[in-house]
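Single-letter residue listing:
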Amino acid sequence: MNLKKYIQDIPDFPKPGVIFKDINPLLANPEATAQTINLLAKGLYGFNATKIVGIESRGFLLGILLAQKMGLGFVPIRKPGKLPGKIEKQTYALEYGEDSIEIQQNSISEGDLVIVHDDVLATGGTAAAACELIEKCGGTVVQCNFLMELGFLEGRKKLGNYALHSLIHY
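Cut-offs used in this document
- Residues numbered from 1 in each chain as written.
- Predicted model: local features only at pLDDT ≥ 70, side-chain atom pairs only at ≥ 80, totals over all residues.
- Heavy atoms only, no water.
- Helix = DSSP H or I, 4+ residues; strand = E, 2+ residues; numbered from the N terminus.
- Buried < 20%, exposed > 50% of the residue type's maximum accessible area, 1.4 Å probe, protein only.
- Areas by Shrake-Rupley, 256 points an atom, 1.4 Å probe, with all protein chains shown as cover.
- Lys, Arg positive; Asp, Glu negative; His and termini not counted.
- Charge placed at Lys NZ, Arg CZ, Asp CG, Glu CD.
- Salt bridge = Lys/Arg side-chain N within 4 Å of Asp/Glu carboxyl O.
- Expected span 1.5 Å × (residues − 1).
- Contact = heavy atoms within 4.5 Å.
- Axes fitted to C-alpha atoms, helices over the stretch in contact; angles between N-to-C directions.
- Left-handed = near helix turned anticlockwise from the far one by under 90°.
- Nonpolar A, V, L, I, M, F, W, Y, C, P; charged D, E, K, R; others polar.
- Polar contact = N/O pair within 3.5 Å; in protein donor to acceptor, adjacent residues only side chain to side chain.
- Core = buried A, V, L, I, M, F, W, Y, C linked by side-chain atoms within 4.5 Å.

A.B. asks: Mind showing me how you'd approach the overall build of the protein here?
C.D. replies: Counting its secondary structure elements, the protein contains 4 helices and 9 strands. Here the C-alpha coordinates of the protein stretch approximately 40 × 40 × 30 Å along the principal axes. Here the protein holds 170 residues, and the buried ones make up 45% of them. Taken as a whole, the protein presents about 8,700 Å² of accessible surface, with 52% of it coming from carbon and sulfur. Of the side-chain charges in the protein, 17 are positive and 18 negative, and the distance between the mean point of each set is 3 Å.

Below, the structure written as structure tokens:
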């Protein structure tokens, strides 16, 4: 199955000059979604992971399905102010300014082996910040996993030594 045919290019969204990769057609098709989860999970069983972390918000969509498929716990990483209780926060640089993400401190334990999942690897800043959060909580990132990778943005460079898998490349 050619999964690229289920990803729609939306020009000038969210701002002029950007071509947004819309995964809604993929999610609307149960066969494409099932194939996606099977292909994403295929190479992950050997890591003996204990958790999958999904990055807000599109990382939640396939991340939780991937966690269910693999029989693992799912942990969300969210934008600031969205999680209750004690949190860890990581700030990271954007092209113009900075942003932050957060995780509940007790959601990752010392010794957890964690797969980080998001829908797209673009510049790598958010994924790198997610890896730092997991490590602050005592977990070990065993792989960064993406549905799509925009190679021309060179996000792999920010993820340096982490194992990385992207299902679709642009």
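A.B. asks: Explain the pattern of salt bridges here, please?
C.D. replies: Two side chains bearing opposite charge may form a pair once their charged atoms approach each other closely. Taken as a whole and assessed by the stated rule, the structure comprises 6 salt bridges. Notably, a salt bridge pairs Lys51 with Asp112, separated by 2.9 Å at the nearest N-O pair. Pair noted here: Lys51 is in strand E3 (residues 51-55) and Asp112 is in the loop between strand E6 (97-104) and strand E7 (113-121), with a separation of 61 residues, a long-range link. Asp112 shares its class with Lys51; the two are buried. Note that Lys157 and Glu154 form a salt bridge whose closest N and O atoms lie 3.2 Å from each other.

A.B. asks: What exactly am I supposed to notice about helix H4 (residues 125-136) here?
C.D. replies: Here H4 spans 17 Å end to end across 12 residues, near enough to the 16 Å set by a 1.5 Å rise per residue. Taken residue by residue, H4 has Gly125, Ala127, Ala128, Ala129, Ala130, Cys131, Leu133 and Ile134 as its buried positions. Here the buried face of H4 lies against E3, strand E4 (73-77), strand E5 (87-94), E6, E7 and strand E8 (140-149). In the stretch just after H4, Gly138 is the one whose phi turns positive, near 100 degrees.

A.B. asks: Is there a simple way to explain the packing of helix H2 (residues 30-42) against helix H3 (residues 58-70) in this structure?
C.D. replies: Each pair of packed helices can be summarised by the angle the axes make with each other and by the distance between the axes. For the pair H2 and H3, interaxial distance at closest approach is 10 Å and the crossing angle is 65 degrees. The way H2 lies across H3 gives a crossing that is right-handed. Facing Thr33, Thr36, Ile37, Asn38, Leu40 and Ala41 of H2, the residues of H3 in contact are Leu62, Leu65, Leu66, Lys69 and Met70. Considered class by class, the residues forming the contact of H2 with H3 number 7 nonpolar, 3 polar and 1 charged.

A.B. asks: Where do I start with the side chain of Glu149 in this structure?
C.D. replies: Topologically, Glu149 is positioned in strand E8. Its relative accessible area of 5% is what places Glu149 among the buried residues. Within the structure, Glu149 has its side chain in polar contact with the side chain of Arg156 (distance 2.8 Å). Within the structure, the side chain of Glu149 is placed 2.8 Å from the side chain of Ser166, a separation counted as a polar contact. Look past the residues within four positions of Glu149 in its chain and what remains in contact with it is Leu121, Arg156, Leu164, Ser166, Ile168, His169 and Tyr170.

A.B. asks: It is not clear to me how the nonpolar core should be interpreted in this structure. Could you clarify?
C.D. replies: One recurring pattern in soluble globular proteins: nonpolar side chains tend to sit buried together. Of all hydrophobic cores here, the largest spans 24 residues; its most connected members are Ile108, Val116 and Leu159. Secondary-structure elements contributing two or more residues to this core are E3, E4, E6, E7, H4 and E8. With 7 residues, H4 is the largest single contributor of residues to this core. Excluding residues within four positions of it along the chain, Leu159 makes contact with Leu121, Gly124, Ala127, Ala128, Cys131, Cys144, Phe146 and Leu164. By size, the runner-up hydrophobic cluster in this structure holds 22 residues, among which are Leu26, Leu66, Leu147 and Ile168.

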